[in-house]
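Each chain, written out:
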Amino acid sequence: MFKNLRVLVSLLTVAMVLLTACGGGQATTAAPAPTEAPAATAAPAATEAPQPSGPVKATPGQAVSMVLLPKFLGILPFDQAHTGATEAATELKNPTELQFLG
């Protein structure tokens, strides 16, 4: 009887040490609220690219890196999108290979 009790007490002691080491049972305290608002900082000026005046058009024969990145492979809508992208690359006479990664 006492042998089993010693084993039980030892296991409970180890469990308590592990819980204490992992932070179990300890309440976390929130950081105190700041008394003053932080000073405002100026954000760096954004570098703006020139805006096109209309839709961008692809030029046939121009090398364009084309990548189609579907969420899953082997699903019909993504396979159809791959077929369409391949047709578009052929139509544009793109010298670089269309990458289909998933």
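Reading guide: rules and limits
Residues numbered from 1 in each chain as written. Predicted model: local features only at pLDDT ≥ 70, side-chain atom pairs only at ≥ 80, totals over all residues. Heavy atoms only, no water. Helix = DSSP H or I, 4+ residues; strand = E, 2+ residues; numbered from the N terminus. Buried < 20%, exposed > 50% of the residue type's maximum accessible area, 1.4 Å probe, protein only. Contact = heavy atoms within 4.5 Å. Areas by Shrake-Rupley, 256 points an atom, 1.4 Å probe, with all protein chains shown as cover. Patch = residues over 30% accessible without salt bridge, like charges linked within 9 Å, V, L, I, M, F, W, Y side chains within 5 Å. Salt bridge = Lys/Arg side-chain N within 4 Å of Asp/Glu carboxyl O. pLDDT = per-residue confidence, 0-100.

S.K.: Which residues make up the overall build of the chain, and what values go with them?
M.R.: Looking only at helices and strands, one finds two helices and two strands in the chain. Going from N to C terminus, the chain has its helices and strands arranged as α-β-α-β. By the burial criterion, 6% of the 102 residues in the chain qualify as buried. Within the chain, contacts between residues at least 6 apart in sequence are counted, and of these 67% link residues at least 24 apart. For the chain, the exposed area adds up to about 9,400 Å²; of that, 65% sits on carbon and sulfur atoms.

S.K.: Just give me the short version of the side chain of N94, but keep the residues and values in it.
M.R.: With respect to the element layout, N94 can be found in the loop between α2 (76-91) and β2 (99-100). Judged by its relative accessible area of 13%, N94 falls in the buried class.

S.K.: So what's going on with unusual backbone geometry? Residues and values would help.
M.R.: Leave glycine aside and you will find that most residues have negative phi; peptide bonds, for their part, are mostly trans. Positive phi, close to 55°, is recorded for K93, a residue that is not glycine. Its location among the elements puts K93 in the loop between α2 and β2. For K93, a relative accessible area of 61% translates into the label exposed.

S.K.: Summarise the environment of M66; cite the residues concerned and give the values.
M.R.: You can see M66 is positioned in the loop between α1 (2-21) and β1 (67-68). Spatially, the C-alpha atom of M66 lies 8.8 Å from that of F100, the residues being 34 residues apart in sequence.

S.K.: Describe the environment of L98, naming the residues involved and giving the relevant values.
M.R.: Within the secondary structure, L98 sits in the loop between α2 and β2. Since its relative accessible area comes to 15%, L98 is described here as buried. Put simply, L98 and A85 are 13 residues apart on the chain and 7.8 Å apart in space, counted from C-alpha to C-alpha. Leaving out residues up to four positions away in the same chain, L98 has contacts with M66, V67, L68, H82, A85 and T86.

S.K.: Describe a nonpolar patch on the surface, with residues and values.
M.R.: On the surface, V67, L69 and L101 cluster together into a nonpolar patch covering about 300 Å² of accessible area. Tracing the sequence through the fold places L69 in the loop between β1 and α2.

S.K.: Summarise the confidence of the model for the chain; cite the residues concerned and give the values.
M.R.: The share of residues in the chain with pLDDT of 70 or more is 58%, and the mean pLDDT across the chain is 75. Taken element by element, the predicted model of the chain shows its lowest mean pLDDT in α1 (65) and its highest in α2 (91).

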